[in-house]
Amino acid sequence: MPPQPPFDAAPAPTPGPRRVAAALCGVQSLALLGFAAFYVYELAIGEGSDAGRVVMSALLILLGAVGLGLLAKGWLGERRWPRTPTVVWDLLLLPVGASILQAGRTGLGWGVLGLALATLGAALLARVPDVEFDDPA
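Attention here is on the structure that accompanies the text. On a predicted model such as this, the values are computed, not experimentally measured, just so you know.

1. Re the overall build of the protein
Here comes step 1: The helix and strand tally for the protein stands at 4 helices and 0 strands.
Here comes step 2: Ordered by position from N to C terminus, the α and β elements of the protein give α-α-α-α.
Here comes step 3: Put simply, the protein has 137 residues, and 26% of those count as buried.
Here comes step 4: For the protein, the share of sequence-separated contacts (at least 6 apart) that also reach a separation of at least 24 residues comes to 67%.
Here comes step 5: For the protein, the exposed area adds up to about 9,400 Å²; of that, 68% sits on carbon and sulfur atoms.

Here it is in structure tokens:
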């Protein structure tokens, strides 16, 4: 008979919610990349009224896309840090989605809200490793 694990041994974690959080952060990152590309496209065809503002907006959106890409990568590992920025980002998306709904863009508004809630749920359900503190004693 094989030896039994100790009674208090935790079962092996399932990576499901972490992978879902990674995938959804990746989707958000790709969406922001698309918005940045759209800004640059509008500038190229002459639709932007102020080139400096359009370029800075595109760079800021690109920075957000890179950040979300790093979050997606962080969720794929066994790191603790991706949870807080993911939760904060998706909580900030909730009023954005509500504003889009109020503006009459129901499809986009529900898409933003649904993606934010799904990512938020995955981030909160995902297992994070325990913090190990150095014991000076």
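2. Focus: the pattern of salt bridges
Here comes step 1: With the rule as written, the count across this model stands at 1 salt bridge.
Here comes step 2: Close ionic contact of Asp50 with Arg53 constitutes a salt bridge, the shortest N to O distance being 3.9 Å.

3. Quick notes on the nonpolar core
Here comes step 1: Membership of the largest hydrophobic core comes to 16 residues, with the highest contact counts inside it found for Cys25, Leu32 and Trp75.
Here comes step 2: Those elements giving two or more residues to this core turn out to be helix 1 (16–44), helix 2 (51–76) and helix 4 (106–125).
Here comes step 3: Element by element, the count of residues in this core is highest for helix 2, at 6 residues.

4. Here we look at the environment of Arg18
Here comes step 1: With respect to the secondary-structure elements, Arg18 resides in helix 1.
Here comes step 2: By relative accessible area, Arg18 is classed as buried at 4%.
Here comes step 3: Sequence separation of Arg18 and Trp75 is 57 residues, and the distance between their C-alpha atoms is 5.6 Å.
Here comes step 4: Once residues lying within four places of it in the same chain are set aside, the contact partners of Arg18 are Gly74, Trp75, Gly77, Glu78, Arg79, Ala126, Arg127, Val128 and Pro129.

5. Regarding the packing of helix 1 against helix 2
Here comes step 1: Where helix 1 meets helix 2, the closest approach of the two axes is 8 Å, and the angle between their N-to-C directions is 165°. Accordingly, the angle class assigned to the pair helix 1 and helix 2 is roughly antiparallel. For the pair helix 1 and helix 2, the crossing hand works out as left-handed.
Here comes step 2: Split by residue class, the contact of helix 1 with helix 2 holds 22 nonpolar, 7 polar and 1 charged.

Parameters and conventions
Residues numbered from 1 in each chain as written. Predicted model: local features only at pLDDT ≥ 70, side-chain atom pairs only at ≥ 80, totals over all residues. Heavy atoms only, no water. Helix = DSSP H or I, 4+ residues; strand = E, 2+ residues; numbered from the N terminus. Buried < 20%, exposed > 50% of the residue type's maximum accessible area, 1.4 Å probe, protein only. Contact = heavy atoms within 4.5 Å. Areas by Shrake-Rupley, 256 points an atom, 1.4 Å probe, with all protein chains shown as cover. Salt bridge = Lys/Arg side-chain N within 4 Å of Asp/Glu carboxyl O. Core = buried A, V, L, I, M, F, W, Y, C linked by side-chain atoms within 4.5 Å. Axes fitted to C-alpha atoms, helices over the stretch in contact; angles between N-to-C directions. Parallel < 35°, antiparallel > 145°, perpendicular 65-115°, else oblique. Left-handed = near helix turned anticlockwise from the far one by under 90°. Nonpolar A, V, L, I, M, F, W, Y, C, P; charged D, E, K, R; others polar.

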